[in-house]
Amino acid sequence: DSRQDGTAYSCDYRVCPPDHSESRWVAARGRFLMNERGTVVRMIGALSDIGHRKHAEAEIRHLLEQAEQRERLLREKQTQLVQSAKLASIGQLTTGMAHELNNPLNNIGLLVGNALEYLRTGSPESQEHAISGLKAAQGQIQRAADIINHLRVFSRVPEARYQEIAVHEVILAALHFLHEQLRLAGVKASHCLAPGTPMVSGCRIQLGQLQLN
């Protein structure tokens, strides 16, 4: 291109001696001289040893790669620390969770037992009571499932998946999850939520963990 349009020639390249001794980086700078017909008659220029510059560039690249690797390791360690902290919190929540699950399980046992007694009598009125009791037991089963689901979500490694989230739902879910632990500790939690349904874009699991923390 330099030969055709008359621009300055500029190129960095490595010189490799035939005896396989140490190669050297050089910078070639020059210009083609042309006669009145536009024919190249000569090239003038110079070669400069740029080994020190190439060495510095290689060192900078190496340092940047090391910095990126350290940053990646720090992020991984941070994720591990967060996960360890969550697991430690789960250990602290175990007592409260046991009490929280015992309540619906005990209720289910009583409701199913009463329903069986009603069914044994065989009267229409007893069947109505049995059906009502079984429906109530279904509600207690759902309550226990919600508790277990909250625990599963809290212990999961979060994915950065963002979506529209109702803030109130996250706050109330966290309060419900900690209700029994707070009660056993003699702590009364109250809340005053803004009217309406404020929405944010975020990760539901991470926002839930934030509220629990």
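What you see is a predicted model; the values in this text were computed from it and never measured.

A. Structural detail: the overall build of the chain. Secondary structure summary: the chain contains five helices and five strands in total. Secondary structure elements of the chain, listed N to C terminal, follow the sequence α-β-β-β-α-α-β-α-β-α. Going through the 213 residues of the chain one by one, you find that 19% of them count as buried. Look at the contacts in the chain between residues 6 or more apart in sequence, and 62% of them connect residues 24 or more apart.

B. A look at the pattern of salt bridges. In the structure shown here, the tally under the stated rule is six salt bridges. Notably, a salt bridge pairs R29 with D12, separated by 3.2 Å at the nearest N-O pair. Here D12 lies in strand β1 (residues 9-15) and R29 lies in strand β2 (residues 24-34), a separation of 17 residues in the sequence. Here D49 ties to R24 by a salt bridge, and the two come within 2.3 Å at their closest N and O atoms.

C. Focus on the packing of aromatic side chains. Applying the stated criterion across every chain, the model contains zero aromatic pairs. In this arrangement the basic side chain of K54 is found over the ring face of W25, its NZ or CZ atom lying 4.6 Å from the centre.

D. Representation of the sheet that holds strand β3 (residues 40-49) in the model. If you trace the three strands from one edge of the open sheet to the other, you get β1-β2-β3, paired in antiparallel fashion. Only two strands of the sheet have a single partner each, and these edge strands are β1 and β3. Strand after strand, the sheet turns through a mean of 30° between neighbouring axes, direction not considered. In this sheet, β3 lies alongside β2 in antiparallel orientation, the contact comprising nine bridges.

E. View of the environment of A46. Locating A46 in the fold gives a position in strand β3. Residue classification places A46 among the partly exposed positions, given a relative accessible area of 47%. For the pair A46 and R31, spaced 15 residues apart in sequence, the C-alpha separation works out to 9.8 Å. Not counting residues up to four positions away in its chain, the partners in contact with A46 are A27, A28 and R29.

F. Main features of a nonpolar patch on the surface. On the surface, V112, L116, L119 and L134 cluster together into a nonpolar patch covering about 310 Å² of accessible area. Counting residues per element, the nonpolar patch draws most heavily on helix α2 (residues 51-121), which supplies three residues. Looking at the element boundaries, V112 is found in helix α2.

G. Geometry of helix α5 (residues 204-212). Listed as buried for α5 are I205, G208, Q209 and L212. In an axial view of α5, the angular spread of the buried residues amounts to 100°, which keeps them on one side of the axis.

H. Quick peek at the confidence of the model for the chain. When pLDDT is averaged along the chain, the result is 78, and 84% of the positions lie at 70 or above. Looking at the elements of the chain, mean pLDDT is at its lowest for helix α1 (residues 2-5), recorded as 64, and at its highest for strand β5 (residues 199-202), recorded as 89.

I. Geometry of the side chain of H168. Assignment of secondary structure puts H168 in helix α4 (residues 167-184). One polar contact links the side chain of H168 to the main-chain carbonyl oxygen of A194, over a distance of 3.2 Å. Beyond its immediate stretch of four places on either side in the chain, H168 contacts L193, A194, G196 and P198.

Each value, and the rule that gives it
Residues numbered from 1 in each chain as written. Predicted model: local features only at pLDDT ≥ 70, side-chain atom pairs only at ≥ 80, totals over all residues. Heavy atoms only, no water. Helix = DSSP H or I, 4+ residues; strand = E, 2+ residues; numbered from the N terminus. Buried < 20%, exposed > 50% of the residue type's maximum accessible area, 1.4 Å probe, protein only. Contact = heavy atoms within 4.5 Å. Salt bridge = Lys/Arg side-chain N within 4 Å of Asp/Glu carboxyl O. Phe/Tyr/Trp six-rings, centres within 6.5 Å; stacked < 30°, edge-to-face > 60°. Lys NZ or Arg CZ within 6 Å of the ring centre and 35° of its normal. Pairing = 2+ DSSP bridges. Axes fitted to C-alpha atoms, helices over the stretch in contact; angles between N-to-C directions. Patch = residues over 30% accessible without salt bridge, like charges linked within 9 Å, V, L, I, M, F, W, Y side chains within 5 Å. Areas by Shrake-Rupley, 256 points an atom, 1.4 Å probe, with all protein chains shown as cover. Arc of directions from axis to C-beta. pLDDT = per-residue confidence, 0-100. Polar contact = N/O pair within 3.5 Å; in protein donor to acceptor, adjacent residues only side chain to side chain.

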